[in-house]
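Spelled out, the chains give:
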Amino acid sequence: MLDGLNVEMDPNNRPIYVTRPYLPPLEEFTPYLEKIWESHWLTNAGPFHQQLEPALAGHLGVGHLSLFNNATISLIVALQALRITGEVITTPFTFPATTHSLLWNGIRPVFADIDPVTLNLDPARIERAITPHTMAIMPVHCYGMPCDYMAIQEIADRRGLKVIYDAAHAFGVRADGTSVAGLGDMSVLSFHATKVFNTFEGGAIVSRDAEMKKRVDYLKNFGIADEVTVVGPGINGKMNEVQAAFGLLQLRYLADGQARRQEIDRYYRRELAGLRGIRLQEPLERVEGNYSYFPIRVEPGYGLTRDGLYDALRAREIYARRYFYPLMSELPMYRDMPSADPANLPVATRAARQILCLPIYAGLEKSDLDRVVSVIKEHI
Ligand code: T4K
């Protein structure tokens, strides 16, 4: 019978993805599910939710964390909670969720160019994009590389702007000894299946104080304060009990997954060092990274274009990804905005055409990594 369970897979040819979730042993999840079945408490800030919130805040070293069903809704709610309107300065080099969260709030995104080294918003370009309508800055710690947060905060303080960090890639990242998740007026994390810490789907907002966390918590639950009081136009952003339970279990396995990613990062750096036309993003000394992505730049001098290498890898069932191509400023809903002009975004435009994210996840074997590297070396 063809039930899909008995397919033999050649280990030298099995598909290699850009990422795969790191899953704890299944039998360790069963007791959590049994508890949920016993209690009949499935969602709406249940017991696992109540345990995971402080556990994650403690793990990340932040004060006021609110769990969500995903990072996209978290971004939308963060903008609501801070009552942002008008224009927000943001990066074009990101995933659609960042920019779309602005549109969902009726806010006009204003694109500013990125720094060629960090691939994050360039503070000098932020300054130039400010108008009388600007209310906030929404930077992204792309690939978990921290933004120039001191310069961004200095601009925000001087110009009276809010800062909402899209920290979807930055779970566990520390810069100058401080958790990146606590920066700005708010930071948003993603716990999607493809992230270093996952709850299948999930996310969180980190607020600056208890008062703001309370507002966020109302907003993620339809604005409901009690049975007869609805204080705002909230949405359904709640994380359910199965997700929260999985998060608690994941926390126990995080260090193992992280250690393996770090080894893979080292392997790539060793194997790809000095290859003509292949440039790596150098880690910064003051940053403790999370090894969630491994971007390479395919430059003139390499034997293939970035897309040529992407195709060559695919032909061998290696599914590297062109994060983030196309740029958000190239999408039909944004490209007619004056700030979307490629002439305004030369660094981002080049990055979107040169960067390829290589596979990095705990389940990769040495033979998988050798396969990736050998395809890259075939074309130098
Ligand atoms: N802000 C930023 C900067 C983001 O990058 C993202 C999401 C968000 C905000 C929004 O966060 P959430 O609302 O999702 O919490 C993936 C993820 O779906 C997305 O969450 C992530 N960024 C983005 C960078 O990557 P796709 O379209 O590349 O996903 P997909 O389905 O092609 O998956 C990529 C690879 O992962 C697959 O080839 C195989 C592997 N995979 C995927 C899934 C879903 C698995 O092995 N298992 C799985 O369950 O967006």
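Refer to the structure presented above.
Residues numbered from 1 in each chain as written. Predicted model: local features only at pLDDT ≥ 70, side-chain atom pairs only at ≥ 80, totals over all residues. Heavy atoms only, no water.

Draft legend 1. Broad picture of the pairing of strand E6 (residues 162–166). Of all five residues that make up E6, four are buried, and the element is covered over most of its length. Strand direction decides the pairing type here: strand E5 (residues 134–138) and E6, joined by two bridges, are parallel. Looking at E6, one finds that Ala-136 is bridged to Lys-162. Note on the crossover from E5 through helix H6 (residues 149–159) to E6: the handedness is right-handed. Pairing of E6 with strand E9 (residues 186–190) involves three bridges; the strand directions are parallel. Paired with Tyr-165 across the strands is Ser-187, a residue of E9. (Buried < 20%, exposed > 50% of the residue type's maximum accessible area, 1.4 Å probe, protein only. Helix = DSSP H or I, 4+ residues; strand = E, 2+ residues; numbered from the N terminus. Pairing = 2+ DSSP bridges. Right-handed = clockwise from strand over helix to strand, strands pointing away.)

Draft legend 2. Focus on the environment of Met-328. Checked against the element boundaries, Met-328 lands in the loop between strand E16 (318–319) and helix H10 (346–354). Look at Met-328 and you get buried, because its relative accessible area is 3%. The sequence separation of Met-328 and Thr-99 amounts to 229 residues, and the corresponding C-alpha distance is 7.2 Å. Those residues in contact with Met-328 that sit more than four places away from it in its chain are Pro-92, Thr-94, Phe-95, Pro-96, Thr-99, Phe-111 and Tyr-334. (Contact = heavy atoms within 4.5 Å.)

Draft legend 3. Highlighting H10. Listing the buried residues of H10 in full gives Val-347, Ala-348, Thr-349, Ala-351, Ala-352 and Gln-354. Looking at the buried positions of H10, the neighbouring elements they touch are strand E15 (294–298), helix H9 (306–315) and strand E17 (355–358).

Draft legend 4. The arrangement of the site of the ligand in detail. Near the ligand, the surroundings consist of 25 residues, among which Thr-72, Asp-166, His-169, Arg-321 and Tyr-323 are the closest. Arg-20 has a polar side-chain atom sitting 2.9 Å from an oxygen atom of the ligand. Residue Ser-190 places a side-chain N or O atom 2.8 Å away from an oxygen atom belonging to the ligand. When isolated, the ligand has an accessible area of 910 Å², and the protein chains bury 77% of it. Mapping the shell around the ligand onto the domain boundaries places at least three of its residues in each of domain 1 (26–112 + 119–249) and domain 2 (254–378). (Near = heavy atom within 4 Å. Polar contact = N/O pair within 3.5 Å; in protein donor to acceptor, adjacent residues only side chain to side chain. Areas by Shrake-Rupley, 256 points an atom, 1.4 Å probe, with all protein chains shown as cover. Domains from an automatic or database assignment.)

Draft legend 5. Structural view of the environment of Arg-215. Within the secondary structure layout, Arg-215 lies in helix H7 (residues 210–219). Apart from the residues within four sequence positions on either side, Arg-215 is in contact with Gln-80, Ala-81 and Arg-83. Within the structure, the side chain of Arg-215 is placed 3.0 Å from the backbone oxygen of Ala-81, a separation counted as a polar contact.

Draft legend 6. Just the pattern of salt bridges, in detail. Scanning the model with the defined rule gives 20 salt bridges in all. Residues Asp-370 and Lys-366 are paired through a salt bridge, measuring 2.9 Å at the closest nitrogen-oxygen approach. Of this pair, Asp-370 and Lys-366 both sit in helix H11 (residues 366–378), four residues apart, which is roughly one turn of that helix. Through salt bridges with shared partners, a single network forms among Glu-53, Lys-213, Asp-217 and Lys-220. (Salt bridge = Lys/Arg side-chain N within 4 Å of Asp/Glu carboxyl O.)

Draft legend 7. How the structure looks around the packing of helix H8 (residues 241–272) against H11. Direction vectors running N to C along H8 and H11 enclose 30°, while the axes themselves pass 11 Å from each other. Here H11 runs roughly parallel to H8, going by the angle between their axes. The interaxial crossing formed by H8 with H11 has right-handed handedness. Here Arg-260, Ile-264, Tyr-267, Tyr-268, Glu-271 and Leu-272 of H8 lie close against H11, whose contacting residues are Lys-366, Leu-369, Asp-370, Val-372, Val-373, Ile-376 and Lys-377. Residue composition of the contact of H8 with H11, grouped by class: eight nonpolar, no polar and five charged. (Axes fitted to C-alpha atoms, helices over the stretch in contact; angles between N-to-C directions. Parallel < 35°, antiparallel > 145°, perpendicular 65-115°, else oblique. Left-handed = near helix turned anticlockwise from the far one by under 90°. Nonpolar A, V, L, I, M, F, W, Y, C, P; charged D, E, K, R; others polar.)

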